[in-house]
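Residue-level structure breakdown
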Amino acid sequence: MSTIRDVANLAKVSIATVSRVLNNDTQYKMTDETRARVWKAVTDLNYTVKSPANSSSGDNKAHSGNALVKIGCVLSVTKNKYNDPYFMSILSGVEEQLQNNGYELTFIKTGAELEDKKALYNAFGNPVSGLILMESLNSEIYQFIRNQVPNIVGIDTWWEDIDNVGYDHYRVASVAVQHLIDKGHKKIGFIGGSGMSGDIKSSQRYRGYYASLHAAGLPVNSDWVIDCAWDENLCMEKVSQLYQKEDSPTAFFVASDLMAMAALSSLYKMGIAVPDKVAVIGLSNIEISKYSNPPLTTIEIPTKEIGMVAVDLLLARINGYQLLPRKVILPTSLVLRNST
């Protein structure tokens, strides 16, 4: 097991400097380059910071007044920090359940913010007891955080060494596409985002879409698959471009209610009637989806409950639960409205 002396030797600094970085001591001036070198050495050596957050002593467990328990959250958002109603609903569940148990969030960061090494080191320079992780992050950042935080619960992440809670992405796609097939549609498109993988076809929602069409003997036209990078304006633009062509789908499964409403807006501007000419089904059932024009058919994801269950899993870990990582899949349901 690596020691603080090993970290100091690799970073080419004194043990005192390493200690100041690990304890976020700002009394002495230090360059960002030195601080970054120390944290890189910590990561490379898999050195675990000794702190109350990861002590096995019962005095530091969650029941000790909660004062020593510091819990953070990493959001998955593509634009402004608090503009995505899907993740905000999950966050509301997280905060409510923490408050119900006498805790509160110490900090909230986004995956994009943590790509800045200084922000990453500042966020996790102080002891953190637990983390709700809503984004998988890249391997380097994840491993750094995993080394510093003893208890992490993911929300639909791909990491198998931590607890995860979410929904069945493949199944919801199958349900959505089958609904469109049952409505008589044979030319069905897909709108979503590629995320960190860079390939929209690697997502479980796309795979559920593809498999359902294949099982029904229907064509999968790559021109009808739109990667909008979870950007409403780009979604509207690409939908508009698609309907300039002669061969276009009569229905869409959209892997996000926000993107589905962007598609509805684009179709409206082109004078394409929904659902008479093109049907649209979304995913998540955010509050505003019932007020779109027309009201959006979608699949309800229990977002608030996902956040609450994630907190329950995290507090169990903080209180000493040590069995194998758990994966909790919550139920979903089809919400029929007028867009299909």
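Structure's up top.
Quick caveat, the model's predicted, so the values are computed rather than measured. (Residues numbered from 1 in each chain as written. Predicted model: local features only at pLDDT ≥ 70, side-chain atom pairs only at ≥ 80, totals over all residues. Heavy atoms only, no water.)

The helix and strand tally for the chain stands at 11 helices and 12 strands. In terms of its C-alpha atoms, the chain occupies a principal-axis envelope of roughly 70 × 40 × 35 Å. For the chain, the proportion of contacts with a sequence separation of at least 24, taken over those separated by at least 6, is 69%. With an accessible surface of roughly 16200 Å², the chain has 49% of that area assigned to carbon and sulfur atoms. Of the side chains in the chain, 33 bear a positive and 35 a negative charge, and the two mean positions are spaced by 3 Å. (Helix = DSSP H or I, 4+ residues; strand = E, 2+ residues; numbered from the N terminus. Contact = heavy atoms within 4.5 Å. Areas by Shrake-Rupley, 256 points an atom, 1.4 Å probe, with all protein chains shown as cover. Lys, Arg positive; Asp, Glu negative; His and termini not counted. Charge placed at Lys NZ, Arg CZ, Asp CG, Glu CD.)

Another aspect to go through is the sheet that holds strand E9 (residues 279-281). Reading across from one edge, E7-E6-E8-E9 is the order of the 4 strands in this open sheet, with parallel pairing throughout. The two strands at the open ends of the sheet, each matched to only one other strand, are strand E7 (225-227) and E9. Between one strand and the next, the sheet's axes are offset by a mean angle of 15°, whatever the strand orientation. In the sheet, strand E6 (residues 188-192) pairs with strand E8 (residues 251-254) via 4 bridges, with the strands oriented parallel. Each bridged residue has a counterpart across the sheet, and for Phe190 the counterpart in E8 is Phe253. (Pairing = 2+ DSSP bridges. Axes fitted to C-alpha atoms, helices over the stretch in contact; angles between N-to-C directions.)

The next thing to look at is the environment of Leu234. The topology assignment puts Leu234 in helix H9 (residues 232-242). In this structure, the C-alpha to C-alpha distance between Leu234 and Phe253, residues 19 residues apart in sequence, is 17 Å. With sequence-adjacent residues up to four places away left out, Leu234 is seen in contact with Asp227, Cys228 and Ala229.

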